[in-house]
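Reading the structure
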Amino acid sequence: MHTKKLGNSDLFITPIGFGAWAIGGSGWEFAWGYQDDRESVAAIWEALDSGVNWIDTAAVYGLGHSEQVVGQTLQGMNNRPYIFTKCSMVWDEKRQIGHRLKAASIRRECDASLRRLGVETIDLYQVHWPDPDDEIEEGWATLAALKREGKVRYIGVSNFNVDQMKRAQAIAPITSLQPRYSLVHREVEDESLPFCARENIGVIAYSPMASGLLTGAMTRERITNLPDDDWRKHHPDFQEPQLSRNLRLVSLLRTIGKRTGRTPAEVAVAWVLHNQTVTGAIVGARRPGQVRGVIGAGEFHLTPREIAEIDGFFVREAA
C-alpha cells in the first residue's frame, strides 16, 4: 500500500490502520462482547501481513486489555508498526470510567500504556476526549512535555472541535485529529476537516464503517442477537428509524461494489478516504478473515459517478 505523511510528523502511514477497540474484550462500558485473544492476535497479524503499518488503540479499550494484547503480539518484532494510543479516560477499582486531563493523571496513564505495550516510546499519543473542557490546556501542555521528554514522538487529539483545537494549538502544534467520520456521520465536514487542511493537521478517521454497520454483514437479526454487553445494540444507529435508512445505504454500497468485485465495507472506507484531508482510516477487526474484506479500500478509488450516486442517495432520503 502507498503511504501518506501524517500532519507535521515524519510518520508516513498506510491509508488503513488496524483499530484495536473491539479486541479489548468484554466487561467494560463500551465493550463489543466476548473476544478471543487468539483471534485478536491472528487478526493483527493478518493486517500487518497485508501491509498495514499502524495500530490504533487506547488505554480504556478493555480497561488496559487491548494495549496488552497489542503489546504481546508485537513482542520481539524488529520492524514493528507504528503504535498510536490515547489517554484521558480513566477507570476506578469498580471499573467505572471517568474523564481526567490533569497532569499527574496523564503521566500515570502514559507510563502504564508504555508498560502494557512494551515499548519505550509511543509513536502518537492522543487525548481521547476533550473532557473536562476546563482541563484541556493542562492536559495538552502535559502531552507536549511528554514529547519533549521522549516518551512520545508526536501528539494528537481525538473528538476535539475547532475551538478546542485552537486552544491546544496555542500551546503546542497538533499532529493529528481523530474524529468519527463515515457516510453515517459527516458532522466534521463543515468545520473540523477544513481547519485541519489549513493547519496541516493529519486526520485519522475512526468508525469509517460506522462500527460494523456498513460492512454488509449486519442484518436486523444479527443486531437483535448481539450480546447485551455489546454497546452497539442500544445505539441509535442500530435502531429505528435510522436503521432502515442505514440498511438501504448498505444495499447501495453493495451494488456499487459488485461492479468491481468490492465489498460494501471497501466502498464505505474508500468513500472516507476519498476526502483528501483524511490521512488514514481506522479499520477494526476481531478475527482473521475480516481484514481481507476491507483491506482493498486502501487502493480502491471511487469514480465521480459513484460519488454522485452516493450523494444522490442522501438527497432522496432527505426528501
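Residues numbered from 1 in each chain as written. Predicted model: local features only at pLDDT ≥ 70, side-chain atom pairs only at ≥ 80, totals over all residues. Heavy atoms only, no water.

**Considering the pairing of strand E9 (residues 152–158)**
- E9 sits mainly inside the fold: six of its seven residues count as buried.
- The pairing of strand E8 (residues 122–127) with E9 spans five bridges and is parallel. Note on E9: the bridge partner recorded for glutamine 126 is glycine 156.
- Chirality of the crossover, the property in question, places the unit of E8, helix H4 (residues 136–149) and E9 among those that are right-handed.
- Pairing geometry for E9 and strand E10 (residues 176–178), over three bridges, is parallel. Within the sheet, the bridge partner assigned to valine 157 lies in E10 and is leucine 177. (Buried < 20%, exposed > 50% of the residue type's maximum accessible area, 1.4 Å probe, protein only. Helix = DSSP H or I, 4+ residues; strand = E, 2+ residues; numbered from the N terminus. Pairing = 2+ DSSP bridges. Right-handed = clockwise from strand over helix to strand, strands pointing away.)

**A few points about the pairing of strand E12 (residues 280–284)**
- Across the five residues that make up E12, a large majority, four, are buried.
- Bridging between strand E3 (residues 16–19) and E12 involves four bridges; their strand directions are parallel. The residue bridging glycine 19 from the neighbouring strand is glycine 284, located in E12.

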